[in-house]
Amino acid sequence: MANLEWVCVPRCYEVRKNRLAGQVTVDHPLKQQTVTVVDSNPLSRALEGTDPLSQFARQDEELNDPLNQMVSEFDLKSKRRERERSEPEDNTLQWSSRRLGILNRFTTNEKLSLSTSFLVASGSLDGNESIKAQTVVADKTKYRLEQLDHFDDGSMRHMMDLTQQEYIQRFEQLKQELTQSWHNDQRVKALKIAIQCAKMLADTTVLQFYPSQYVLITDILDVFGKLVYDRLKAKAFGDPTASAATLEREREAARDTCQNWFYKIASIRELLPRLYLELSIFKCYEFLTSSREEYERILQRLTHQLRGIADPLVSSYARCYLVRMGVTLTNSKTYIRENFSDLFTIYPQIFRFVARFNLHPEIVTASSYLQLYVPAFDYMLLCLVHKCELHTQDMLNECKQLKNNGAILMSILNSFKSEFIATNALEFIELINTSETPGISKSQLLRSLGSCVSSCAPLQEQRVSFLKAAFETINKLTDPNEYINCVETWAVFVSQYFTVHEVNRLLGELNARMCLGKAYEKHYSQLQNILTRIMQNYRSIELLLIQPNFLPYLDLFQKESVRVEVCKNILSFYKQNSDEYTCDAVVTNALMYLGKILNDSVNALSVEDERRQISQLINVFIHKVHFGRDLEQQLSFYVEARGTFSNLDAVYVTLVHAACKLATRNRSKSTGFVKACIAYCFITIPSIGAVQQQMNLYLLCGQLALQHLCLGQADACFEAALQLVDELPAATVDFDGKPRSLERFLVSYMCNMLATLIVVPDSPEQGVLYFLRLLLDVVGRHEFKTDSTAPSIIYLHSLDMLYTQSLEKFPYHIKGVVSNDDLYGHDPKFLQEVNNLCVQVVDAILLQLKSLGVAHQQRSQAELALELFLRIVRYADLERETISQLAVNLWLLANKAQAQLDVKTLPQTLRSVEVLYKQIKDASPVQAQAIAKLLLRMRNS
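**Student:** Can you help me understand the environment of His 501 in this one?
**Tutor:** Tracing the sequence through the fold places His 501 in helix α23 (residues 500–514). Taking the C-alpha atoms as reference points, His 501 and Leu 543, separated by 42 residues in sequence, lie 9.8 Å from one another.

Below is the structure:
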């Protein structure tokens with residue numbers, strides 16, 4: 001190997017690119033072709049009815065046929081009904097949309113009791129053993145008799161000490177028992193279950209659970225009412241194929257049955273179950289009358305009967321049930337209005353209970369007691385004003401006349417349309433300011449009003465006075481919790497309909513108020529929500545950033561985790577809502593302040609996803625800072641950012657790329673600024689932790705410096721990049737936690753480096769082909785796997801690079817850079833150095849071949865041998881005996897492993913040599929003759 005005589009031959013053939021011939025097409029070549037077969041026989045078309053005359057005759061028959069017309073009309077009507085069903089329904093008055101919220105809101109930890117004679121002692125809904133019922137008995141004998149005959153109508157079971165979940169399970173059992181009894185033709189039993197359930201609505205022992213109790217019991221009453229109605233409907237509209245007389249008799253029987261049901265219910269002695277049962281089957285009145293006036297008369301009668309209920313809570317929910325049933329059959333609002341008149345009459349009784357609970361708050365607080373009325377009041381008011389605003393002003397006027405009107409005012413704010421509240425905004429704020437209701441604070445009313453005006457603002461000329469009046473009351477709130485809850489609601493209104501000056505004033509008032517006694521420590525979530533709502537509703541995030549009170553507001557978040565989360569949210573909003581570049585110094589400083597907080601939060605314990613998320617937010621901000629043509633100012637910003645975000649490698653990578661992009665924007669063609677950008681990158685890159693990223697960035701900066709004729713900076717970058725190869729780890733940890741070898745990266749990187757080094761001129765201080773020698777030295781020192789082909793691939797590409805150096809003219813250049821072809825002018829001494837390096841590289845490849853043979857890697861050894869063989873044929877002078885013999889030996893080595901190679905590999909290699917012979921046989925006969933000898937030996941082997 002030491003006697004190898006390598007001489008690079010000149011390229012005497014033209015490199016051609018095989019271009020594919022284009023062809024103009026009308027249709028897409030991948031489009032599916034459809035073939036339509038047309039029968040040219042008119043007789044067959046006539047028999048099938050597809051000829052024009054047959055089609056006209058068929059149309060006339062279909063038009064004249066009455067059955068076809070009826071079918072088409074029926075199809076049109078059915079399609080119209082389907083379209084009507086597909087239209088969105090108005091679910092505003094649907095009670096089902098409210099029941100789940102009530103059950104979740106009104107809960108209790110107290111023990112509940114239940115009295116009924118229709119519950120089994122064992123067996124539950126899911127088939128498991130049910131909860132043991134604790135009974136109040138006089139002796140064991142009576143208890144055993146109850147267990148044996150638990151469905152006896154005369155035995156009442158008293159179940160006490162039930163938890164809330166057990167109580168709900170019992171009512172599910174009652175609902176199932178009622179349905180089962182009905183389907184077993186035990187109508188009286190089903191009626192008695194419903195009566196016993198309705199009686200329980202008089203029990204207010206556990207006050208805070210009463211709204212949920214009302215929901216559970218009325219669910220059972222609704223089931224009972226639906227069963228009665230479905231049975232009557234089935235009787236009234238029996239068999240549609242029956243005669244008219246039969247249908248009339250069935251309808252008459254259904255009316256009699258309906259009257260019988262109402263008579264049965266009217267015979268119930270107690271008022272409350274009688275009212276609830278009649279209301280539960282109220283829809284059945286359509287079998288007795290269809291007159292709207294009759295419905296209103298019945299509802300007014302029931303309204304008058306409700307006056308006999310003493311407890312205001314029970315009375316309010318009974319009225320709610322009446323309204324709920326009434327809206328299904330009539331659009332009249334008269335009876336609802338009359339219910340409210342009665343409700344206002346008994347309204348003072350509610351506050352007698354409130355006064356009592358104020359004396360004994362351990363039972364229930366006054367505020368909690370008044371909250372029990374909210375579902376009933378809200379629903380009744382909603383039904384009153386739904387699609388009819390005639391009574392809105394009357395209700396507001398009556399609310400003014402009430403003493404302790406806070407509960408009604410709260411429901412008005414929750415139920416009335418936002419447009420009405422916005423129109424009368426000043427009137428509402430005055431009403432709230434004068435309201436003094438025990439259990440209903442002004443902060444609760446203000447929160448509801450704030451929610452209304454946020455969705456629909458008052459008139460433009462009223463907004464300033466309205467906001468001033470509202471915050472005069474809000475600022476007088478002494479409790480920090482009430483104050484911050486109010487501001488949290490009103491922040492949406494202020495940010496939507498006012499200028500940034502009002503928003504800034506709001507932030508300043510919050511800052512001053514929450515600093516008193518360090519109140520901010522208990523209200524981080526509300527403070528964060530206020531800032532989020534302001535950013536969501538205000539149009540310009542940049543204007544917010546430059547406000548004097550914005551950054552001081554962030555100082556309220558003293559807790560590190562909360563502070564970091566707030567900064568993330570602000571930068572996220574900036575990322576989403578700011579599409580334009582900014583060069584404002586105040587905005588930039590504010591963003592730098594936020595980014596520094598995030599940067600300082602990163603430490604050794606921070607997870608990779610946290611680093612990635614923070615880096616992404618800061619990178620977006622960096623890309624949006626743009627100083628136009630002031631490139632020096634832009635570079636100064638990058639210098640400041642480098643010192644600020646020292647914990648984030650991804651940000652440093654972005655800064656290096658940004659500085660490189662900045663260098664390309666230099667239109668003055670002066671190298672001074674480009675050198676400054678490259679110097680910035682050269683200083684920044686070592687601070688990046690990942691060696692891979694450092695190597696890539698050094699190569700990028702070197703290529704950029706070379707493009708701008710900064711040869712000294714390019715040499716420094718390339719040398720630094722090659723020196724880093726020794727620090728490159730053998731493997732990195734992948735996202736899945738698995739180690740991933742970096743040999744593929746190193747091969748790709750070195751090939752890119754070699755392609756760049758072709759045009760890099762040699763420095764006078766460093767000698768001929770310094771960087772290639774350094775690269776080969778680095779590759780020789782690097783520790784590869786024993787069976788790795790990575791060094792061989794690098795050496796093969798090094799041969800490609802060396803052969804290019806031997807050409808009189810390089811295939812590509814950089815404008816303005818004097819590469820080695822012009823620098824040396826094809827000097828023999830330079831060519832001798834190139835040939836010596838080729839010998840060195842070939843020796844390294846032969847060592848790799850030997851090691852692969854020792855490792856019994858015959859396939860890899862044969863593939864490498866063929867690659868080196870082809871390069872020797874193309875690049876080296878085959879007239880040299882040592883070179884020619886080496887080529888033959890490599891071919892023979894590959895032939896030995898023919899069984900392990902692809903069947904096309906050796907024939908394709910042979911054809912490649914034949915093609916090369918044809919290309920050069922005229923231009924270089926001597927070299928062609930050497931290749932011909934080699935071909936002969938190849939064929940003979």
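**Student:** Before we go on, may I ask you to explain the environment of Asp 222 in this structure?
**Tutor:** If you trace the backbone, Asp 222 turns up in helix α8 (residues 210–236). Sequence-wise, Asp 222 and Ser 280 are 58 residues apart; in three dimensions their C-alpha atoms are separated by 5.9 Å.

**Student:** What exactly am I supposed to notice about the pattern of salt bridges here?
**Tutor:** For side chains of opposite charge, pairing can occur when their charged atoms come near one another. Inspection of every chain in the model, using the stated rule, returns 35 salt bridges. Ionic pairing is found between Lys 175 and Glu 172, a salt bridge with its closest N-O pair at 4.0 Å. Taken together, the positions of Lys 175 and Glu 172, both in helix α6 (residues 164–183) and 3 residues apart, correspond to about one turn of that helix. One salt bridge in this structure joins Glu 833 and Arg 773, with 2.7 Å as the shortest N-O distance. A residue pair is termed long-range when its members are at least 10 positions apart, and Glu 833 in helix α39 (residues 828–854) and Arg 773 in helix α36 (residues 770–781) qualify at 60 residues.

**Student:** Would you explain empty space enclosed by the protein in this entry?
**Tutor:** To locate leftover empty space, one rolls a probe as large as a water molecule over the atoms. Tallying each qualifying case throughout the model produces 5 cavities of 30 Å³ or more. Considered as a void within the structure, the largest cavity measures approximately 50 Å³ in volume. Lining the largest cavity are Leu 757, Val 760, Asp 762, Leu 769, Tyr 770, Phe 771, Leu 772, Met 801 and Asn 820. Ranked by residue count, the leading element in the lining of the largest cavity is α36, at 3 residues. Its residues assigned to classes, the lining of the largest cavity shows 7 nonpolar, 1 polar and 1 charged.

**Student:** Looking at this structure, I do not really get the layout of surface pockets. What am I missing?
**Tutor:** Its boundaries defined by the atoms lining it, the largest pocket holds a volume of some 970 Å³. Taken together, 33 residues make up the lining of the largest pocket; nearest its centre are Gln 94, Arg 324, Met 325, Val 327 and Thr 328. Secondary-structure elements contributing two or more residues to the lining of the largest pocket are α4 (96–105), α8, α12 (312–326) and α13 (334–359). Of all the elements, α8 adds the most residues to the lining of the largest pocket, at 7 residues. Of the residues contributing to the lining of the largest pocket, the split by class is 13 nonpolar, 9 polar and 11 charged.

**Student:** Could you clarify how one ought to interpret the packing of helix α41 (residues 881–896) against helix α43 (residues 925–940) in this entry?
**Tutor:** Working note: a packed helix pair is described by the angle between its axes plus the distance between those axes. Their axes nearest at 10 Å, the elements α41 and α43 cross at an angle of 25 degrees. Taken together, the axes of α41 and α43 are roughly parallel relative to one another. As for the relative orientation of α41 and α43, their crossing is right-handed in sense. Across from Ser 884, Gln 885, Ala 887, Val 888 and Trp 891 in α41, the residues of α43 making contact are Leu 934, Arg 937 and Met 938. Classifying every residue of the contact of α41 with α43 by side-chain character gives 5 nonpolar, 2 polar and 1 charged.

Conventions adopted
Residues numbered from 1 in each chain as written. Predicted model: local features only at pLDDT ≥ 70, side-chain atom pairs only at ≥ 80, totals over all residues. Heavy atoms only, no water. Helix = DSSP H or I, 4+ residues; strand = E, 2+ residues; numbered from the N terminus. Salt bridge = Lys/Arg side-chain N within 4 Å of Asp/Glu carboxyl O. 1 Å grid on protein atoms, 1.4 Å probe; cavity = no way out; pocket = protein on both sides within 12 Å on 5 of 7 lines; lining within 4 Å. Points joined across faces, edges and corners; volume = space filled by probe spheres on them. Nonpolar A, V, L, I, M, F, W, Y, C, P; charged D, E, K, R; others polar. Axes fitted to C-alpha atoms, helices over the stretch in contact; angles between N-to-C directions. Parallel < 35°, antiparallel > 145°, perpendicular 65-115°, else oblique. Left-handed = near helix turned anticlockwise from the far one by under 90°. Contact = heavy atoms within 4.5 Å.

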